[in-house]
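Here's the letter readout for the chains.
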Amino acid sequence: MARREARPRAEREQVLRPLRRCCLGCWRRMAIRYENRRTVATLDGPVRLRLKVRRCETVGCARYRQPYRPEREGAVALLQHEFGLDVIALVGTLRYREHRSVPEIHRALLERGVAVCERTVTNLLDRYDELVATVVDEPRRAALAAQRRVVLAIDGLQPDVGHEVLWVIRDCPSGQVLLARSLLSAIATDLAGLLREVVAAISVPVAGVVSDGQHSVRCAVREVLPDVPHQLCHFHYLREAALPIFEADRHAKKELKKGVRGIRPIERAVEARDDPEAEAVRGYCAAVRSALTDDGRPPLAASGLRLHARLEAVAASLGRVEERGN
Ligand SMILES: [Zn+2]
């Protein structure tokens, strides 16, 4: 059935880059060669993914010209899916943990802002069933053997606090899911069990593990794969590290904003004038206005600090004018 309404436009954009830089075949550096784009419907609304893809350019390498996509892509959505893994996890929980019917799940998704039709809910349930039934069978094992090593990504998807967690273990180079299991707990021993299952099923060495660095995941990886490098997702790592700074910065910005209230009355006072002084006043008002709406991109740019710098510049300029005027 054709879609009756246009898919909601993605307001959010996320740029993902592969954390791994060296080729799994020849260990030489892979450059970012192109970008793929896809839009995924998640529980936080539609997101446009800009995916930077690396590629080995070493002639004769077993992975020559094979793309290496960002590890995090598979944590957001399965390959060729327009719905996020978080939506699939929620659908599975609602069905099997809370025994909701398809129309009820449909309503729940609509309430959470996920634009779906009822038939899509049935498809999503099928995807969930397929996902948790994943096994490393013979063809998959052969494909991994040809690839010679795997880079595992471990993600825990918890649609809501208190819900069970859908754990997904993937191979990053191929993008294939190797195991997906719903667990009520997220303790290290359970995760270690899942990890052991995967390691036993594949017949190739694990070159690395990527995760968001949750404590239980770290412990499980250390236990099962003690000598394998474990890379924490840069995004999560940075976000966690920057959280206290982000909070302090937000507070600072709020306080700064209090000091520059009342631009509108000043603008209104010179509205009817077009002399140079009025022009200058309008210019300053515009500068303050644009400083107030110039949001930094956390965690790398603190918007409070930026506002402070811009207001300082405006104040310094006003100071110079005053000096000249006297
Ligand atoms: Zn290579």
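Residues numbered from 1 in each chain as written. Predicted model: local features only at pLDDT ≥ 70, side-chain atom pairs only at ≥ 80, totals over all residues.

Colleague: I keep staring at the overall build of the protein chain and nothing clicks. Help me out?
Modeller: Looking only at helices and strands, the protein chain has eleven helices and nine strands in total. For 326 residues, the compact-globule estimate of 2.2 N^0.38 gives 20 Å, and the C-alpha radius of gyration of the protein chain, at 26 Å, exceeds that figure by more than 25%. With the C-alpha coordinates of the protein chain rotated into their principal frame, the extents come out at 85 × 50 × 40 Å. For the protein chain, buried positions account for 26% of its 326 residues. (Helix = DSSP H or I, 4+ residues; strand = E, 2+ residues; numbered from the N terminus. Rg over C-alpha atoms; globule rule 2.2 N^0.38 Å. Buried ≥ 20, exposed ≤ 12 C-beta atoms within 10 Å, placed from the backbone.)

Colleague: Honestly, the domain arrangement of the protein chain in this entry has me stumped. Any pointers?
Modeller: A common way to report how large an interface is uses the accessible area buried once the components associate. As assigned here, the protein chain comprises domain 1 (70-238) and domain 2 (245-325). Averaged C-alpha coordinates put domain 1 and domain 2 at centres separated by 46 Å. (Domains from an automatic or database assignment.)

Colleague: Looking at this model, I keep getting lost on the sheet that holds strand β8 (residues 206-211). Mind explaining?
Modeller: As a general point, the strands of a sheet are linked pairwise by backbone hydrogen bonds and lie either parallel or antiparallel. If you trace the five strands from one edge of the open sheet to the other, you get β7-β6-β5-β8-β9, paired in mixed fashion. Of all the strands in the sheet, just β7 (177-183) and β9 (230-232) have a single pairing partner and so form its edges. The sheet shows a mean angle of 20° between the axes of neighbouring strands, taken without regard to direction. Here helix α6 (residues 188-201) sits on the sheet in contact with β5 (150-157), β6 (165-171), β7 and β8, set at roughly 155° to β7. (Pairing = 2+ DSSP bridges. Axes fitted to C-alpha atoms, helices over the stretch in contact; angles between N-to-C directions. Contact = placed C-beta atoms within 7 Å.)

Colleague: Would you mind going over the packing of α6 against helix α7 (residues 215-224) with me for this structure?
Modeller: The geometry of a pair of packed helices is captured by two quantities: the angle between their axes and the separation between those axes. The contact between α6 and α7 brings their axes to 8 Å, and the two run at 45°. By the angle between their axes, α6 is oblique relative to α7. The handedness of the crossing between α6 and α7 is right-handed. Across the interface between the two elements, Ala188, Leu191, Ala192, Leu195, Arg196 and Val199 of α6 pack against Ser216, Val217, Cys219, Ala220, Val221, Glu223 and Val224 of α7. Here the residues of the contact of α6 with α7 sort into ten nonpolar, one polar and two charged. (Parallel < 35°, antiparallel > 145°, perpendicular 65-115°, else oblique. Left-handed = near helix turned anticlockwise from the far one by under 90°. Nonpolar A, V, L, I, M, F, W, Y, C, P; charged D, E, K, R; others polar.)

Colleague: How do you make sense of the nonpolar core when you look at a structure like this?
Modeller: Most often, soluble globular proteins keep nonpolar side chains buried together rather than apart. In this structure, Leu85, Ile88, Val91 and Ile169 are the most contacted members of the largest nonpolar core, which totals 54 residues. For this core, the element with the highest residue contribution is helix α2 (residues 85-97), accounting for seven residues. Leu24, Met30, Cys56 and Tyr68 belong to the second largest nonpolar core, which has five residues in total. (Core = buried A, V, L, I, M, F, W, Y, C linked by C-beta atoms within 7 Å.)

Colleague: How should I be thinking about the pairing of β6 in this particular structure?
Modeller: The two faces of a sheet get side chains in turn, since along a regular strand they alternate between them. By the criterion of burial, β6 is predominantly enclosed, with seven of the seven residues buried. Alternating residues of β6 divide into Val165, Trp167, Ile169 and Asp171 and Leu166, Val168 and Arg170, and every residue in both groups is buried. Pairing geometry for β5 and β6, over six bridges, is antiparallel. Following the sheet pairing, Leu157 is matched in β6 by Leu166. As judged from the six bridges shared by β6 and β7, these two strands associate in the antiparallel manner. Paired with Ile169 across the strands is Leu179, a residue of β7. Here β6 folds back onto β7, and the loop between the two strands holds five residues, one of which, Gly175, carries a positive phi near 75°.

Colleague: Which parts of the structure should I look at to understand the confidence of the model for the protein chain?
Modeller: This prediction gives the protein chain a mean pLDDT of 88; 95% of its residues lie at or above 70. Model confidence for the protein chain, summarised as mean pLDDT per element, is weakest for helix α8 (residues 234-258) at 81 and strongest for helix α3 (residues 102-111) at 96. (pLDDT = per-residue confidence, 0-100.)

Colleague: What is the right way to look at unusual backbone geometry in this model?
Modeller: With the exception of glycine, most residues fall at negative phi, and the peptide bonds are largely trans. One non-glycine residue, Gln80, adopts positive backbone phi at about 55°. Secondary-structure assignment places Gln80 in the loop between α1 (73-76) and α2. Overall, the presence of 7 C-beta atoms within 10 Å leaves Gln80 in the exposed class.

Colleague: I would appreciate a short explanation of the environment of Gly45 in the present structure.
Modeller: Of note, Gly45 is situated in strand β3 (residues 45-55). Spatially, the C-alpha atom of Gly45 lies 6.7 Å from that of Val114, the residues being 69 residues apart in sequence. Excluding its chain neighbours within four sequence positions, the residues that come into contact with Gly45 are Glu11, Arg12 and Gly113.

Colleague: For this particular structure, what's the right way to read the environment of Ser101?
Modeller: Counting through the fold element by element, Ser101 comes out in the loop between α2 and α3. Judged by C-beta crowding, with 11 C-beta atoms within 10 Å, Ser101 ranks as exposed. Expressed as a C-alpha distance, the spacing of Ser101 and Leu90, which sit eleven residues apart in the sequence, is 13 Å.

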